[in-house]
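# Structural overview for review
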Amino acid sequence: MIRDRGSIKWVSMMLPEHVQQIRAWKHETEEELPNGLSEWELEELQQTIQFAYDQKLIVTLKTLVEHNLSHYTGIITDLKASARELSLETDTVIRRIPLDTIYRAQLECNYCD
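Since we're looking at a predicted model, the values are computed, not measured.

Counting buried residues in strand E3 (residues 85-89) gives four out of five residues, a clear majority hidden from the surface. Between strand E2 (residues 68-80) and E3, which pair antiparallel in sequence order, lie four residues; one of them, Arg84, sits at a positive phi of approximately 55°. Summarising the sheet, E3 and strand E4 (residues 94-98) pair through five bridges and their orientation is antiparallel. Looking across to E4, one finds that Glu85 is bridged to Pro98. Hairpin connection of E3 to E4: four residues between the antiparallel strands.

Okay, the environment of Leu86 next. Relative to the helices and strands, Leu86 resides in strand E3. Put simply, Leu86 and Arg96 are 10 residues apart on the chain and 5.7 Å apart in space, counted from C-alpha to C-alpha. With near-sequence residues (within four places) excluded, Leu86 lies in contact with Ile49, Leu61, Ile76, Asp78, Leu79, Arg95, Arg96, Ile97, Leu99 and Ile102.

All right, on to the environment of Phe51 then. Inspection of the secondary structure assignment puts Phe51 in helix H3 (residues 39-55). The class of Phe51 is partly exposed, set by a relative accessible area of 35%. It is 10.0 Å that separates the C-alpha atoms of Phe51 and Ile76, two residues lying 25 residues apart in sequence.

If you trace the five strands from one edge of the open sheet to the other, you get E4-E3-E2-E1-E5, paired in antiparallel fashion. Unpaired on one side and paired on the other, E4 and strand E5 (102-107) mark the two borders of the sheet. Within the sheet, the average angular offset between the axes of one strand and its neighbour, ignoring direction, is 45°. Note that strand E1 (residues 58-65) and E5 share five bridges and pair antiparallel. Bridged to Thr63 within E5 is Ile102. Against the sheet, H3 makes contact with E1, E2, E3 and E5, and its axis sits at roughly 50° relative to E5, the strand it touches most.

Here we take up unusual backbone geometry. With a phi close to 55°, Lys56 is a non-glycine residue in the positive phi region. Along the chain, the position of Lys56 falls in the loop between H3 and E1. Residue class for Lys56 comes out partly exposed when judged on its relative accessible area of 44%. The residue Arg84 is not glycine, and still its phi comes out positive at about 55°. Of note, Arg84 is situated in the loop between E2 and E3.

Moving on to the pattern of salt bridges. Within this structure, the stated rule accounts for three salt bridges. In this structure, Asp78 engages Lys80 in a salt bridge whose closest nitrogen and oxygen atoms are separated by 3.7 Å. Take Asp78: its relative accessible area is 26%, and that puts it in the partly exposed class. Ionic pairing is found between Glu85 and Arg96, a salt bridge with its closest N-O pair at 2.4 Å. Residue Glu85 is found in strand E3, and its partner Arg96 is found in strand E4; the two are separated by 11 residues along the sequence. Overall, Glu85 belongs to the buried group, its relative accessible area being 14%. Taking the relative accessible area as the measure of exposure, Arg96 reaches 58% and is therefore exposed.

Here is what the cut-offs are and how they apply
- Residues numbered from 1 in each chain as written.
- Predicted model: local features only at pLDDT ≥ 70, side-chain atom pairs only at ≥ 80, totals over all residues.
- Heavy atoms only, no water.
- Buried < 20%, exposed > 50% of the residue type's maximum accessible area, 1.4 Å probe, protein only.
- Helix = DSSP H or I, 4+ residues; strand = E, 2+ residues; numbered from the N terminus.
- Pairing = 2+ DSSP bridges.
- Contact = heavy atoms within 4.5 Å.
- Axes fitted to C-alpha atoms, helices over the stretch in contact; angles between N-to-C directions.
- Salt bridge = Lys/Arg side-chain N within 4 Å of Asp/Glu carboxyl O.

Here's what the structure looks like:
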């Protein structure tokens, strides 16, 4: 019977830097895709976004558009519930992000939680 050792057999022929980069790449690509938020998670997301907007705090938003994950960090300058979007001011750019694409919001301060 043939016993295949998988990727273990190739590790000895790679430089340690390459192995480290491959592991980092694998970790980035294995980030869990959201498959739908529960009612509690949606409520928490809404409260975090509203608090960040009211207090003008720096927030990191994770969005999912057609299986592409994106991360944006900045200050929410405008929140339009009727248009279902918000404006996020990053360094010099103001991005308009649809609320339906946001699946995670995290405040970027130590005393906010």
